[in-house]
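Each chain, letter by letter, is given below.
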Amino acid sequence: MKPIQMVDLTAQIEDIKPQILEKISEILSSSHYIKGNYVSEFQDQLSQYIQSKYVLGCANGTDALQVALMALNLKPGDKVLVPSWTYVASAEVIALLQLKPVFIDVCMKSFNLDVSQLDLISEIHRDIKAAIPVHLYGQSADMEPILAWAKEHHVAIIEDNAQAIGAKYRFSNGSEKFCGTIGDLGTTSFFPSKNLGTYGDGGAIFCNKADLFQQISGICDHGQLSQKYIHDIVGVNSRLDAIHAGILTIKLTHLDEYIASRRNLASFYTNALNDIDAILTPQTMDYSSHVYHQYTLKILDGRRDEFQKFLLSHQIPSMIYYPKPLHQQPAYHTEYDDRISLANSEQLSQEVISLPMHTHMSDDQRNFIIEKIRKFFV
Ligand SMILES: *Cc1c(COP(=O)(O)O)cnc(C)c1O
């Protein structure tokens, strides 16, 4: 049996290598390495797929968040709501722009922003200007109540969709939208291990309004809003390279098949582990589809770390996303406001463990993983 990887990118590329190499070779010969038709072709293709009017490629998912925040014209000290239970990038960009992160807890069931805290938080912080709901592990945050709250309090919404590209949110009237296209702006990452990954760094920003698109395009291009060498605002240099755009053009045509393969592995795991009392398998919420960027268990008997060591002793990798919620991190703990309970985030950091999840797991490998897990708990 091949060694089990957390994310097996070498197995995945074997299937598409000839197409990828051909595309890279074509781009090398074209001399269009920065901007140009390969980038616009990918942006158009992604905009069709995700049904966002505008898509702008940029250098990575963290830049995408930063540029989206910059487009809102906030002032230093303005407050931005963000879950404490997320990857650091979601909060990092807030602090970096001298804005103030206000941490909100997440639901134990969905791992996403706890909408029942929104009213309390806006009583405590009356002047929140923006919020960054994160679609963690591959399913949507509960956007309908978030949008209603945002409208009432004039809060701009940036969706961090680095982990849920291809997932959809279902509104109570039955209509659906792709994650990342629901708020004012959405962002994603093409980091290699993301569900739509390139072989290097990349990111994108989604929006449906022409004025916001002009703003983010200008910010990514050194603040040139209308004319070359006229820098209307302070911007950054953040671009998706043509080579990555070309690679992503090919990988996007496989995204649905990759998602199907992740779902297949997830339901295999769930069926095989559901009966174990000490394990809670991931729940799909009624309002969302799930694309399983991560397959994350909760271990309820307090033996999470012991379980991880056991897996490792059988060469089964696993990851703790995340070992510490952001409000307990050295760089962010000063932002902790104890009027807002972040108890769920703290508890999750003790309970969660993510199993190997990728598009190319063999039957032997997945059976081996289950056999060992059952041996530990049953
Ligand atoms: C990966 C990730 C990012 C950052 O993306 P990079 O491309 O690595 O900068 C941001 N937010 C979340 C939730 C992520 O998982």
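Residues numbered from 1 in each chain as written. Predicted model: local features only at pLDDT ≥ 70, side-chain atom pairs only at ≥ 80, totals over all residues. Heavy atoms only, no water.

The next subject is the sheet that holds strand β12 (residues 352-355). Strands sit in the order β10-β11-β12 across an open sheet of three strands; the sheet is antiparallel. Each of the sheet's edge strands pairs with one partner strand only, and the pair in question is β10 (279-280) and β12. Its contacts with the sheet place helix α10 (residues 304-313) against β11 (295-299) and β12, and it is angled at close to 20° to β12. (Pairing = 2+ DSSP bridges. Helix = DSSP H or I, 4+ residues; strand = E, 2+ residues; numbered from the N terminus. Contact = heavy atoms within 4.5 Å. Axes fitted to C-alpha atoms, helices over the stretch in contact; angles between N-to-C directions.)

Looking now at the pairing of strand β9 (residues 203-207). Burial analysis of β9 places five of its five residues in the buried class, which makes it a mostly covered element. Looking at chain direction, strand β1 (residues 54-58) and β9 are connected through five bridges and run antiparallel. In the sheet register, L56 faces β9, and the bridge partner there is I205. (Buried < 20%, exposed > 50% of the residue type's maximum accessible area, 1.4 Å probe, protein only.)

So, on to the pattern of salt bridges. In this structure the tally under the stated criterion is 15 salt bridges. When the shortest N-O distance is used, the salt bridge between D221 and K35 registers 3.4 Å. Pair noted here: D221 is in the loop between α7 (210-220) and α8 (242-252) and K35 is in the loop between α1 (9-30) and α2 (37-50), with a separation of 186 residues, a long-range link. Judged by relative accessible area, K35 falls into the partly exposed class, the value being 41%. Between D275 and R374 there is a salt bridge; the shortest N-O distance is 2.9 Å. Note that D275 is positioned in the loop between α9 (255-273) and β10 and R374 in helix α12 (residues 363-377), a separation of 99 residues in sequence. Through salt bridges with shared partners, a single ionic network connects D301, R303 and E306. (Salt bridge = Lys/Arg side-chain N within 4 Å of Asp/Glu carboxyl O.)

Split by domain assignment, the chain resolves into domain 1 (9-252) and domain 2 (255-377). Just the C-alpha atoms count here: the centres of domain 1 and domain 2 sit 24 Å apart. Between domain 1 and domain 2, the buried area comes to about 4,300 Å², and carbon and sulfur atoms account for 58% of it. Summed over the shared surface of domain 1 and domain 2, the result is one salt bridge. (Domains from an automatic or database assignment. Buried area = accessible area lost by both parts, 1.4 Å probe.)

One open sheet holds the seven strands; their spatial order is β1-β9-β8-β5-β4-β2-β3, and the pairing between them is mixed. At either end of the open sheet lies a strand with only one pairing partner, and these are β1 and β3 (100-104). In this sheet, neighbouring strand axes are inclined to one another by 25° on average, regardless of whether the strands run parallel or antiparallel. Strand contacts of helix α4 (residues 89-96): β2 (79-83), β3 and β5 (156-160), with the helix running at about 165° to β2, the strand carrying the most contacts. Across the sheet, helix α6 (residues 143-153) touches β2, β4 (128-131) and β5, and the angle it forms with β5 is around 150°.

Mapped onto the secondary structure, G197 falls in the loop between β8 (185-189) and β9. As a C-alpha pair, G197 and H244 span 47 residues in sequence and 9.3 Å in three-dimensional space. Residue contacts for G197: discarding those within four places in its chain leaves F190, F191, P192, L248 and K251.

Within the structure, the ligand sits among N60, G61, T62, T86, Y87, A89, V134, D160, A162, Q163, S189 and K194. Between the ligand and N60 there is a distance of 3.5 Å, counted from an oxygen atom to a side-chain nitrogen or oxygen. Measuring from an oxygen atom of the ligand, one finds a side-chain N or O atom of K194 at 3.1 Å. Protein contacts shield 92% of the accessible area of the ligand, which totals 380 Å² for the unbound molecule. For the shell around the ligand, the per-class residue count stands at four nonpolar, six polar and two charged. (Near = heavy atom within 4 Å. Polar contact = N/O pair within 3.5 Å; in protein donor to acceptor, adjacent residues only side chain to side chain. Areas by Shrake-Rupley, 256 points an atom, 1.4 Å probe, with all protein chains shown as cover. Nonpolar A, V, L, I, M, F, W, Y, C, P; charged D, E, K, R; others polar.)

Counting 54 residues, the largest nonpolar core has L69, L81 and L185 as its most contacted members. The element that contributes the greatest number of residues to this core is helix α3 (residues 61-70), accounting for six residues. In terms of domain composition, this core takes at least three residues from each of domain 1 (9-252) and domain 2 (255-377). Counting 36 residues, the second-largest nonpolar core is a separate cluster that includes A272, L273, L297 and L311. (Core = buried A, V, L, I, M, F, W, Y, C linked by side-chain atoms within 4.5 Å.)

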